[in-house]
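This is what each chain is made of:
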Amino acid sequence: GESVGLHLPTLSVQEGDNSIINCAYSNSASDYFIWYKQESGKGPQFIIDIRSNMDKRQGQRVTVLLNKTVKHLSLQIAATQPGDSAVYFCAENILGTYKYIFGTGTRLKVLA
Amino acid sequence: DAEITQSPRHKITETGRQVTLACHQTWNHNNMFWYRQDLGHGLRLIHYSYGVQDTNKGEVSDGYSVSRSNTEDLPLTLESAASSQTSVYFCASSDRDSTDTQYFGPGTRLTVL
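As the structure is a prediction and not an experimental result, all values here were calculated from the model. (Residues numbered from 1 in each chain as written. Chains lettered and ligands numbered in written order. Predicted model: local features only at pLDDT ≥ 70, side-chain atom pairs only at ≥ 80, totals over all residues. Heavy atoms only, no water.)

(A) Spatial organisation of the overall build of chain A. What chain A contains, in helices and strands, is zero helices and 10 strands. Secondary structure of chain A in N-to-C order comes out as β-β-β-β-β-β-β-β-β-β. Computed over C-alpha atoms, the radius of gyration of chain A comes to 14 Å, within 12% of the 13 Å expected from 2.2 N^0.38 for 112 residues, which places it in the range of a compact globule. Dimensions along the principal axes, computed over C-alpha positions, put chain A at roughly 40 × 25 × 20 Å. Residues counted as buried form 44% of the 112 residues belonging to chain A. Taking contacts inside chain A between residues at least 6 apart in sequence as the whole, the part at least 24 apart equals 55%. A total accessible area of about 5,500 Å² is found for chain A, and carbon and sulfur atoms account for 48% of it. Distance between charge centroids for chain A: 3 Å, based on 11 positive and 9 negative side chains. (Helix = DSSP H or I, 4+ residues; strand = E, 2+ residues; numbered from the N terminus. Rg over C-alpha atoms; globule rule 2.2 N^0.38 Å. Buried < 20%, exposed > 50% of the residue type's maximum accessible area, 1.4 Å probe, protein only. Contact = heavy atoms within 4.5 Å. Areas by Shrake-Rupley, 256 points an atom, 1.4 Å probe, with all protein chains shown as cover. Lys, Arg positive; Asp, Glu negative; His and termini not counted. Charge placed at Lys NZ, Arg CZ, Asp CG, Glu CD.)

(B) Highlighting the pairing of strand 9 (residues 87-94) of chain B. Residues and elements named next belong to chain B. Of all the eight residues making up strand 9, eight are buried; the element is thus mostly covered by neighbouring parts of the structure. Here strand 9 shows no split at all, with S87, Y89, C91 and S93 on one side and V88, F90, A92 and S94 on the other all buried. Pairing geometry for strand 4 (residues 31-37) and strand 9, over seven bridges, is antiparallel. Pairing of N31 across the sheet is with S94, part of strand 9. Here strand 9 runs beside strand 11 (residues 108-112); their pairing, made up of three bridges, is antiparallel. Looking at strand 11, one finds that V88 is bridged to R109. Summarising the sheet, strand 9 and strand 10 (residues 103-104) pair through two bridges and their orientation is antiparallel. (Pairing = 2+ DSSP bridges.)

(C) The packing of aromatic side chains, seen in detail. Considering all chains together, one arrives at 16 aromatic pairs over all chains under this definition. With 5.6 Å between their ring centres and 90° between their planes, A:Y36 and B:F104 make a pair best called edge-to-face. Residue A:Y36 is found in strand 3 (residues 32-38), and its partner B:F104 is found in strand 10; the two belong to separate chains. For the pair A:Y36 and B:F104, one class covers both residues: buried. With centroids separated by 6.3 Å and ring planes inclined at 25°, the aromatic side chains of B:F33 and B:Y35 adopt a geometry described as stacked. (Phe/Tyr/Trp six-rings, centres within 6.5 Å; stacked < 30°, edge-to-face > 60°.)

(D) Geometry of the side chain of B:T108. Residue and element names in this part refer to chain B. When you line up the elements, T108 lands in strand 11. Given the relative accessible area of 0%, T108 is considered buried. At 2.6 Å, the side chain of T108 and the backbone oxygen of P8 are in polar contact. (Polar contact = N/O pair within 3.5 Å; in protein donor to acceptor, adjacent residues only side chain to side chain.)

It is worth stressing that arrangement in space is one thing and function is another; only the former is reported here.
Right under this line is the structure:
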């Protein structure tokens, strides 16, 4: 499909368990962060975002945590489902610019 | 429903040929972007446009060009394809602001032999 990821780190989780995917971002000036999901053969899909004035943001079954001190971002997926199997990557941005820095991603495999 | 499409989905070409990848969005978005995705790299920005007649270079623009003659389309042209341009190409669009969600197309896998 239209995705790359043969050599990506892989996280395998049992269906129904919670998943935690981590991302270290590079620019201390970044103040806006996004998590994307990319299924095989498809383009990236927006999941959730967070601004640097927040530490945590929750969506439907997903939570993003931001630790600016160590430049770390995590995505938590509750009650992981087979449909969650995909590559997940983070992106960082400086507000007001169109320059995004994208991570290389983590492959999530959900085991039945 | 509004969408963003890319064509072709797969393309094989030879070194030195000119190639154009199409991107069409029906969101009526102002902003459009072209990225390439390669093993070991995150998405990298090639070119982007804030609106009709506006184009800007991204971080990996050498060997690529774009034109924006209308709101819906941002074709990406490889003037003289090189093997280093073998990649998966994604087009994206967003409404107006830099934090508006970018909607991505399905991608084009380009192989340059």
